[in-house]
Structure formats: C-alpha cells, structure tokens
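Observations on chain architecture
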Amino acid sequence: MVDVEKLDVEDATPVATLENGGIGAFMGDAGMFHDVPLVDAKTDSELARAYLLHAELAPTTLKSTTTEVGRFLLWCQAHGKVLAAIRVENLLAYKTFLRDPQPAAQWISPTRWPRRDPRWRPFAGPLGEPSIRQAFRVAKALLTFGVNAGYLKRNPGVLVKNIKTSRDARVTRYLPATAIDFIYAAIEALPAATPAASKARARDRFLLIAYLTTGARLSEIVAATMGALYAEGDGRWWLDVIGKGAKPRRLPVSPELLAAFRQYRLAYALLPETSRDDRTPMVLNTRGRQLAAVTDEAAANAIKQLLADAAGLADGNGDADSATALGAASVHWLRHTMLTTHANNGVALKTLQDTAGHASLSTTATYLHKSDRERHDELMASMENSGSI
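On a predicted model such as this, the values are computed, not experimentally measured, just so you know.

**Observations concerning the overall build of the protein**
Counting its regular elements, the protein contains 15 helices and three strands. Counting over 389 residues, the protein shows a buried share of 43%. Excluding contacts between residues fewer than 6 apart, the proportion of contacts in the protein whose partners are at least 24 apart in sequence is 63%. When the accessible surface of the protein is summed, it comes to about 20700 Å², and 54% of that surface belongs to carbon and sulfur atoms.

**Points about the pairing of strand β3 (residues 248-253)**
Judged by which residues are buried, β3 turns out to be one-sided: Arg249, Leu251 and Val253 face inward and are buried, whereas Pro248, Arg250 and Pro252, on the alternate face, are not. Pairing of strand β2 (residues 237-242) with β3, which is carried by six bridges, proceeds in the antiparallel orientation. Looking at the pairing, Ile242 lines up with Pro248 of β3. Between the antiparallel neighbours β2 and β3 lie five residues, among them Gly245 with a positive phi of about 70°.

**Thoughts on the confidence of the model for the protein**
Averaged over all residues, the pLDDT of the protein is 84; the fraction at 70 or higher stands at 86%. In the model of the protein, helix α14 (residues 361-365) stands out as the element of lowest mean pLDDT, 71, in contrast to helix α9 (residues 255-267), which has the highest, 96. Taken as a whole, residues 1-7 scores under 50 in pLDDT and shows 14 contacts with residues more than four places along the chain or in a different chain. For the stretch residues 10-33, pLDDT sits under 50, and the model shows 54 contacts to residues farther than four places along the chain or on other chains.

**Overview of a nonpolar patch on the surface**
Taken together, the side chains of Leu379, Met380 and Met383 make up a nonpolar region of the molecular surface, amounting to roughly 230 Å² of accessible area. Relative to the elements of secondary structure, Leu379 occurs in helix α15 (residues 370-386).

**So, the pattern of salt bridges**
Applying the stated criterion across every chain, the model contains 14 salt bridges. A salt bridge links Arg119 to Asp117; its shortest N-O distance comes to 3.0 Å. Look at Arg119 and you get partly exposed, because its relative accessible area is 44%. For Asp278, the salt bridge identified is with Arg265, shortest N-O distance 3.5 Å. One end of the pair, Asp278, is in the loop between α9 and α10 (296-316); the other, Arg265, is in helix α9, with 13 residues separating them in the sequence. Look at the salt bridges and you will find they share partners, linking Arg217, Glu220 and Arg249 into a network.

Conventions and cut-offs
- Residues numbered from 1 in each chain as written.
- Predicted model: local features only at pLDDT ≥ 70, side-chain atom pairs only at ≥ 80, totals over all residues.
- Heavy atoms only, no water.
- Helix = DSSP H or I, 4+ residues; strand = E, 2+ residues; numbered from the N terminus.
- Buried < 20%, exposed > 50% of the residue type's maximum accessible area, 1.4 Å probe, protein only.
- Contact = heavy atoms within 4.5 Å.
- Areas by Shrake-Rupley, 256 points an atom, 1.4 Å probe, with all protein chains shown as cover.
- Pairing = 2+ DSSP bridges.
- pLDDT = per-residue confidence, 0-100.
- Patch = residues over 30% accessible without salt bridge, like charges linked within 9 Å, V, L, I, M, F, W, Y side chains within 5 Å.
- Salt bridge = Lys/Arg side-chain N within 4 Å of Asp/Glu carboxyl O.

Right, here's the structure in full:
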C-alpha cells in the first residue's frame, strides 16, 4: 500500500500561497473570501496529497497516479508555474513534453536510481501512447479537483482536449509457440549451483507459467499470497487475484502451473501444499532467510532477463522472427499470448473477458485473430482458383 502521507511531492512544486496566486485567487475586492476552500491545502503539493487521498484508488493505480502527479508538478516547477498560474498554453506545452521529455539529461535516466539520489530522473525512457494519454488525464484531473475543492478559481483543462491515441484493431504483442519453446529452453539453461540460483530458477519458472496460463497482470501475481492458490475439493484449482478497481477474480490453475508452484515451494524448503490462510508472499526474494516479497519491478526484471536469454537462443538457432519478438516482449506480452491463444482456439469471449478482468467485451475481442486468418485464407484461395495469383 502506498502511504499517501509520505508521498514524495513536497519538493515537486513551488509553494502556492496567498502571495503567489494559489488560494488567494478567491480574494474579493474587500479582501474577504467569497468561497471557503473544501480542503486545507495551502500548497500545490498539499493539494496533490488531498487529490490522491480522496480518489480511494487501488494500490497499483495509486502508485501510477502518484507518479504522474509528481511528474506534472515537477514540470510546473521547472517552468516556474504554480497550479493557479497554469493556462491553456501551458497544458498544450505539457502535451508536447509528454511525447518527448526534453532536455533528456534533465528528465530521463534508463537506470532507476533511488528518489533521493541526484541521478534520479522522472522518466526511464519515452512513454508509450497509452501512458502519455493517462499522464495527461491525471494532470487534468488534478486541476479539476483543485477547482472543485475551491483551491483553484478556474480550470484550463476544460478547454484542452485529452490526448487521443489510435487503438489497434487486433492485439499484436503476443508470442508464437516457437518463441515460447525458447523461453522454456532458457529456463532449463539457468544455473542452479547455489541455493539462491536454485530458488531463482524455480521461482521464475513458476512466474512464467503463471503469466502464460492465467493471463494475470504483473501486479496481480506479485500482490497475491501463497494461500491464494487453492482447491475446493472437486479437483479444480484456483488462483485469487485482485484486479483493477480492487475487483477480485478467480483464475483457473492448470496442472502445469500447480506442479511448478509445488516445485517452487520445495526450492524454498516449504511444504508442497499450503492452506488458504497462508499469508506468505506469492513471489519471493531469492536471498536471505526471510520469506520476503519482491517488488513489481523485480518480478518484471526477472521475466525480462528470461525473455532476453530466450531471444539469444532463438538468434543462435537462426529463428530471427522469434528472436525479434522475444527481444521486444515484456510480462504483459505473456498475458496477451494467453488470451490470444484461447480466443483463437474457440474459447467464448465472455469466458475470456471474465478471466482477463476486462470491463468491455470489445476489449477482449481484440485478441481474436482466427477470423482474420480465415478471411485471408478464403480470399487467397479464391484468387488462386480464379487465376488472379
């Protein structure tokens, strides 16, 4: 859980006080307040905390929203602006900035340094289109909250459109079976000479199979506990996760995943079976005696290294297509792969929607490639029969 009271935003923006155009915007000619603010915020950073607290976001969403609020306030600071001084032109400039944060030396560092390290930067690299869109929405939402709370007099965001991004008609970020074979080969090639290495191999194998077979998001597996994987006495195994909007989901567990889970526990000297009240973190650190949880970033890095190793194997075997796909892949590709595979195998889209935790069936439909392939084959066959090709 993110502790909002300790959010690192106090240095992110100049103080917005009565003297520099903050809540003083509500002072009338007689020097009296016409409106009483609904929050106690006296600075932009205090308003940011109030905004994050009022939203009651799920932990993962709160973390990402906090990041975007911090980036916006830092950008304001860099341009000598408090929120009360933001105009339409400033928001348009922020739109441009999100697409290409410049100067790069000031804003970007591929290495994730600690927040208090002077080498820390707000961005690890260019944002993808969905992230750009979300970042701008958060900035506008903060301004809207400031107006509704009586901290700001006007909201320039109502005059600036959200960033529109094109949406692919079909999901393309998924891995073919040949690429997945290289991932399994990369796991078998991992060293296991030390206790830490043995733990890492068993854990990473479990993680890979979990993401490939359940379609869970990165944070959903990391946030789970060992007791979240269970059976109810009928031979069916389940994994409980908490998805977006704090919505719980039950994900079917395959025999392959169950076997990997038991092997993973044995590598940590745990009994292969567990109980529903087992609060041990699902994804464990490989060093030290304590059963400590890892961060989302650590789990993502472990899978990313595995994908890089698999890309090397594919390249060494002359499979350029698999090497390219594996080199670009991430944990989220494994979720896409699972959903695409089942959609093409004829699993009902409603079943996949419930499993994926999609709010809309149209989102799930983007994973269905089979109809496109059939349409392609039919047209090619027709052309061949007519002598067109």
